[in-house]
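Fold and contact review
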Amino acid sequence: MEIRVYETAICFARMWGVLETLEPLPNLGFEEVRDISLALAEEFIAGKGDDMVSFFVEKSKNFT
């Protein structure tokens, strides 16, 4: 389970980087993006989500 959380967090961190270039997201430091990505990954997996992109897009609305 721990590996799945980290793999999902990596995907979310990469999505964050892409979204930073496309949308007016705040430019956060490494630790903040890491913590947000891990929290989102844990929430996504706990909710047994299956569409990572839709989940991230919905959650990212809270960051703008």
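Preceding this paragraph is the structure being described.
Read on for a plain summary of the structure. Worth saying up front: this structure is predicted, and the values here are computed from it rather than measured.

So, about the nonpolar core. Membership of the largest hydrophobic core comes to 15 residues, with the highest contact counts inside it found for Phe12, Trp16, Leu40, Ala41, Phe44, Phe55 and Phe56. Counting residues per element, the ones that place at least two in this core are helix 1 (2-22), helix 2 (30-46) and helix 3 (52-60). Not counting residues within four places of it along the chain, the set of residues in contact with phenylalanine 55 comprises Phe12, Leu40, Glu43 and Phe44.

Turning our attention to the packing of helix 2 against helix 3. With their axes 11 Å apart at the nearest point, helix 2 and helix 3 run at an angle of 125 degrees to one another. Relative to helix 3, helix 2 is oriented oblique. Relative to helix 3, helix 2 is oriented so that their crossing is right-handed. Across from Leu40, Glu43 and Phe44 in helix 2, the residues of helix 3 making contact are Met52, Phe55, Phe56 and Lys59. Class assignment of the residues belonging to the contact of helix 2 with helix 3 gives a composition of five nonpolar, no polar and two charged.

Turning our attention to the packing of aromatic side chains. Tallied over the entire structure, the rule returns four aromatic pairs. Ring geometry for phenylalanine 12 and phenylalanine 44: centres 5.9 Å apart, planes at 85 degrees, overall edge-to-face. Residue phenylalanine 12 is located in helix 1, and its partner phenylalanine 44 is located in helix 2; the two are separated by 32 residues in the primary sequence. Residue classification places phenylalanine 12 among the buried residues on the basis of a relative accessible area of 0%. Taken together, the aromatic side chains of Phe12, Phe44, Phe55 and Phe56 make up a single cluster linked through ring pairs.

Conventions and cut-offs
- Residues numbered from 1 in each chain as written.
- Predicted model: local features only at pLDDT ≥ 70, side-chain atom pairs only at ≥ 80, totals over all residues.
- Heavy atoms only, no water.
- Core = buried A, V, L, I, M, F, W, Y, C linked by side-chain atoms within 4.5 Å.
- Buried < 20%, exposed > 50% of the residue type's maximum accessible area, 1.4 Å probe, protein only.
- Helix = DSSP H or I, 4+ residues; strand = E, 2+ residues; numbered from the N terminus.
- Contact = heavy atoms within 4.5 Å.
- Axes fitted to C-alpha atoms, helices over the stretch in contact; angles between N-to-C directions.
- Parallel < 35°, antiparallel > 145°, perpendicular 65-115°, else oblique.
- Left-handed = near helix turned anticlockwise from the far one by under 90°.
- Nonpolar A, V, L, I, M, F, W, Y, C, P; charged D, E, K, R; others polar.
- Phe/Tyr/Trp six-rings, centres within 6.5 Å; stacked < 30°, edge-to-face > 60°.

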